[in-house]
Amino acid sequence: MAKGRELKGRIKSVENTRKITRTMEMVATSKMKRAQDRVVAARPYARALADVIASLYAPELAERFPLLRQPAQEARAAVVLLTSNRGLAGAFNANLIKEARALLARLEAAGTAVELHVVGKKGAGYFRYVGRAMQTERADITDRPTAADAASLVDGLMTRFVDGALDAVYVVGSRFNSVLSTPPTAERVLPVQPPAGAAGTKDYLLFPSAEAILTELLPSYVRNAVYRALVETAAAEQAARRTAMKSATDNAGEMLTLLRRTYNRARQAQITQEIAEIVGGASALQG
Amino acid sequence: MLKVSVISPEATLFEGEAPSVTAPAFDGEVGILPQHAPMVTVLGTGELRIGEGTARFQVEGGFLQVVDDVVRVVTEKASRA
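Residues numbered from 1 in each chain as written. Chains lettered and ligands numbered in written order. Predicted model: local features only at pLDDT ≥ 70, side-chain atom pairs only at ≥ 80, totals over all residues. Heavy atoms only, no water.

Asker: Even after reading the chapter, I still don't get the overall build of chain A, so can you show me in this structure?
Answerer: Scanning chain A for helices and strands turns up 6 helices and 6 strands. Mapped from its N terminus to its C terminus, chain A presents α and β elements in the order α-α-β-α-β-α-β-α-β-β-β-α. For a compact globule of 287 residues, the expected C-alpha radius of gyration is about 19 Å, and chain A comes in at 29 Å, more than 25% above that figure. The buried share of chain A, reckoned over its 287 residues, is 42%. Contacts in chain A between residues far apart in sequence, at least 24 positions, make up 78% of those at least 6 positions apart. Approximately 15,100 Å² of chain A is accessible, and the part contributed by carbon and sulfur atoms is 55%. (Helix = DSSP H or I, 4+ residues; strand = E, 2+ residues; numbered from the N terminus. Rg over C-alpha atoms; globule rule 2.2 N^0.38 Å. Buried < 20%, exposed > 50% of the residue type's maximum accessible area, 1.4 Å probe, protein only. Contact = heavy atoms within 4.5 Å. Areas by Shrake-Rupley, 256 points an atom, 1.4 Å probe, with all protein chains shown as cover.)

Okay, here's the thing in structure tokens:
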């Protein structure tokens, strides 16, 4: 019955693993719901900002605002990669890293000097492993990012862009279209691409002036783009983890059915054999 | 009546109707009543009052937009006072 005991051990271990993955699935589901709420709650602000900027923006203003400066060529760029601090989320981090590597390759092929800023232990771990220098790496942004996190991430880059030390800033993160669609995307947050739509100034009274308002709003707009990327990536992480853990739980279930069947067959075979031996022994005594 | 909303990056902090809004503009307080002309103004630091004690917020920066009796206060730093 050596095989039976071995099987019993495996059944036990798969059961325990399934307990863990099922719990993680449930935790991820509830975290994802809350993260999704944060994505939705962030929309009115983004819409209000975009509305006002679109109604004030005029192409001739571009030259006067450093944040709107469109450099003729990108000599120096910064790439901010958002990844998660924790694993067990399927291909989530791998996809983001792949997207970032594609962007790095594309920029570097065009002769751009790229500096890399990585958020999250997973991305930092990867680039440390391949030996790519990172300008900054940080793991202090939780799965509930705040507007202050976004500001601390991008404010330094924004200053350097204004000073002309950078020509472009990209953010690589996951979009959160829906629970099932969270594609990794690279978005250029600087220079600012003025939001389209609602063109032509509605006859607003502007205090103190269109320029002063834009000066105030453009940095908010950039910070908000980064905040949105952070929130969406956080939600996408939970969605990816939920999917990964769900399939792990399902696979564990399948495996258990198979193991139990094998175990029962082995047990039955043994009993049959024992009976045959007893019957054989008894008839030998009689004979 | 004015339709008033106070919006921060993380959430909509207030949404409702009020007869008036007093906001801390960059150069002093500005009062909004119904039928106000469309306006966008930069905000300074101070207290935002909605109606007669309906809600109060401490705000810092951001802007206020009025159009067709809809008032939107959009600011990165706002807390209920």
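Following the structure, the description resumes.
Asker: Help me out: how do you make sense of the pattern of salt bridges in this one?
Answerer: Any two side chains of opposite charge can pair, on the condition that their charged atoms come close. All names here are of chain A. Taken as a whole, this structure holds 22 salt bridges over all chains when the rule is applied. The closest approach of N and O atoms between arginine 132 and glutamate 108, which form a salt bridge, is 2.9 Å. With arginine 132 in the loop between helix 4 (121–130) and strand 3 (136–138) and glutamate 108 in helix 3 (residues 92–109), this pair connects stretches of sequence that are 24 residues apart. When its relative accessible area of 39% is taken as the criterion, glutamate 108 is described as partly exposed. Here aspartate 250 makes a salt bridge to lysine 246, at a shortest N to O gap of 3.6 Å. Of this pair, aspartate 250 and lysine 246 are both found in helix 6 (residues 210–286), 4 residues apart, which corresponds to roughly one turn of the helix. (Salt bridge = Lys/Arg side-chain N within 4 Å of Asp/Glu carboxyl O.)

Asker: I tried to follow the interface of chain A and chain B on my own but got confused; where do I start?
Answerer: A common way to state how big an interface is: give the accessible area lost once the parts meet. Of the residues lining the interface, 26 residues belong to chain A; the matching set on chain B comes to 24 residues. Summed over both sides, the interface between chain A and chain B buries roughly 2,000 Å², with carbon and sulfur atoms accounting for 65% of that surface. Here chain A is connected to chain B by 2 salt bridges. For the pair chain A and chain B, the interface holds 10 residue pairs in polar contact (both at pLDDT 80 or more). Among the secondary structure elements, those contributing two or more residues to the side of chain A that touches chain B are helix 2 (43–56), helix 5 (147–163), strand 6 (205–207) and helix 6 of chain A. Its residues assigned to classes, the side of chain A that touches chain B comprises 18 nonpolar, 3 polar and 5 charged. (Buried area = accessible area lost by both parts, 1.4 Å probe. Polar contact = N/O pair within 3.5 Å; in protein donor to acceptor, adjacent residues only side chain to side chain. Nonpolar A, V, L, I, M, F, W, Y, C, P; charged D, E, K, R; others polar.)

Asker: Please explain unusual backbone geometry as it appears in this structure.
Answerer: Excluding glycine, most residues fall at negative phi; most peptide bonds, likewise, are trans. Of note, the amide linkage connecting Leu190(A) to Pro191(A) takes the cis form, showing an omega dihedral of -5 degrees. Along the chain, the position of Pro191(A) falls in the loop between strand 5 (184–190) and strand 6. Note the cis peptide between Phe207(A) and Pro208(A), where omega equals -5 degrees. Note that Pro208(A) resides in the loop between strand 6 and helix 6. Within the chain, Gln35(B) stands out as a residue other than glycine whose phi angle is a positive 70 degrees.

Asker: What's the story with the domain arrangement of chain A in this structure? I'm lost.
Answerer: Domain assignment breaks chain A into domain 1 (2–22 + 247–286) and domain 2 (25–242). Using only C-alpha atoms to locate each centre, domain 1 of chain A and domain 2 of chain A end up separated by 54 Å. (Domains from an automatic or database assignment.)

Asker: Teacher, can you tell me more about the packing of helix 5 of chain A against helix 6 of chain A here?
Answerer: Packed helix pairs are specified by the crossing angle of their axes together with the interaxial distance, meaning the distance between the axes. Residue and element names in this part refer to chain A. One way to put it is that helix 5 packs onto helix 6 with a least axis distance of 8 Å and a crossing angle of 125 degrees. Comparing the axis directions of helix 5 and helix 6 gives the class oblique. For the pair helix 5 and helix 6, the sense of crossing is right-handed. Facing Ala147, Asp149, Ala150, Ala151, Leu153, Val154, Asp155 and Met158 of helix 5, the residues of helix 6 in contact are Pro219, Val222, Arg223, Val226, Tyr227 and Leu230. Among the residues making up the contact of helix 5 with helix 6, the classes are represented as 11 nonpolar, no polar and 3 charged. (Axes fitted to C-alpha atoms, helices over the stretch in contact; angles between N-to-C directions. Parallel < 35°, antiparallel > 145°, perpendicular 65-115°, else oblique. Left-handed = near helix turned anticlockwise from the far one by under 90°.)

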